[in-house]
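Residues per chain, in single letters:
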Amino acid sequence: MKVGFIGLGNVGGKLAGSLLRNGIDLTVLDQKTELVAGFTARGAGSAINAAELMRDCDVVITCLPSPAASAAVMDEMLPEVGPGKIWLEMSTTDEAEIRRLAALVEEKGGTAVDCPVSGGCHRADTGNISIFAGCNRATFEKVLPLLTRLGRRVLHTGDVGTASTLKVMTNYLATINLLSCCEAMVTMKAAGMDLATTYEAIKISSGTSFVHETESQLILNGSRDVNFTMDLILKDIGLFQTIAERNNVPLELSPMVIDIMKDGQSRYGERANSDDIIRRLEEATGLSILAAGFPAELIDEEPEEQGYEVFPPVATHIVAAE
């Protein structure tokens, strides 16, 4: 199977690296020639444009920063889509847009799968990230061997669009976790608590979360470099808000979260690290949320393992004894 990969950014570059490391026949494309050169130096091929990539590969994966970018790339690829061609959309995108593009692919005889990832850049780098896959079951079983080279846990979520719906939900939850961790640590500092002790108390308690155990460390170190920026946060939580509005759900927290992140972006810049949001509270209180002993970057210390499919719980019926 020849695989093409478009988008070698913070996440895409690491996912493509997993394919190359695992011996996949890989051809790459990115607007930044230096990123492409790094892959060709390690044995990957390169393409002139997206149309060439779709023509020459069995599977083309896209991992791009916005729905508009994915649509533009698909416009280039669509003339080369035909029977047997597979498009894997690994970008975090709008579920209505992925369904629209998937329909265009299917009209040409190809197959589309939305399969965003979750777990952070450090886990994408080691092949231990989680993957959601939205497509019919037959297609899922066809692409599963490839997905298990990209990540560790792979969940079949249903039809095309379901994976993207779940992905923006998880990013919304992660953003709320980030903001609550920021408020918790600033409040504990104001109350005179040691921040390293505070970190450990949260970690071993019911208050812990994936975000706390990863991003809180970067905040306390001061690097705050989580490889994810405020413009991407706003895109993702905005997509979640759109899903709620389409389904007439009157959310209360979501608009507040969007307003906080927009304020952070206006203060610190569109491409500021998402963890810089804690600076709003540092500036408001005059407190510095730093502690010794925490890393400047996240490193996944789990060894790379062969990926596998995970399954949702199955309902069981308990029959009372007669």
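As a reminder, the structure under discussion sits directly above these lines.
Criteria and cut-off values
- Residues numbered from 1 in each chain as written.
- Predicted model: local features only at pLDDT ≥ 70, side-chain atom pairs only at ≥ 80, totals over all residues.
- Heavy atoms only, no water.
- Phe/Tyr/Trp six-rings, centres within 6.5 Å; stacked < 30°, edge-to-face > 60°.
- Helix = DSSP H or I, 4+ residues; strand = E, 2+ residues; numbered from the N terminus.
- Buried < 20%, exposed > 50% of the residue type's maximum accessible area, 1.4 Å probe, protein only.
- Axes fitted to C-alpha atoms, helices over the stretch in contact; angles between N-to-C directions.
- Parallel < 35°, antiparallel > 145°, perpendicular 65-115°, else oblique.
- Contact = heavy atoms within 4.5 Å.
- Nonpolar A, V, L, I, M, F, W, Y, C, P; charged D, E, K, R; others polar.

1. Brief notes about the packing of aromatic side chains
Inference 1: One pass over the structure, following the stated rule, counts two aromatic pairs.
Inference 2: Seen in terms of ring centroids, tyrosine 172 and phenylalanine 240 are 4.1 Å apart; in terms of plane orientation they differ by 15 degrees. Their pairing is stacked. With tyrosine 172 in helix H8 (residues 162–190) and phenylalanine 240 in helix H11 (residues 230–246), this residue pair connects regions lying 68 residues apart in the sequence. Assigned by exposure class, tyrosine 172 and phenylalanine 240 land together as buried.
Inference 3: Note on tyrosine 199 and phenylalanine 294: the rings are 5.1 Å apart at their centroids and 75 degrees apart in plane angle, and the pair reads as edge-to-face.

2. Considering the packing of helix H1 (residues 12–21) against helix H7 (residues 137–150)
Inference 1: The contact between H1 and H7 brings their axes to 8 Å, and the two run at 110 degrees. As the angle between them shows, H1 and H7 are arranged roughly perpendicular. Counting all contacts with H1, which are made through Leu15, Ser18 and Leu19, the residues of H7 involved are Leu146, Arg149 and Leu150.
Inference 2: Here the contact of H1 with H7 is composed, by residue class, of four nonpolar, one polar and one charged.

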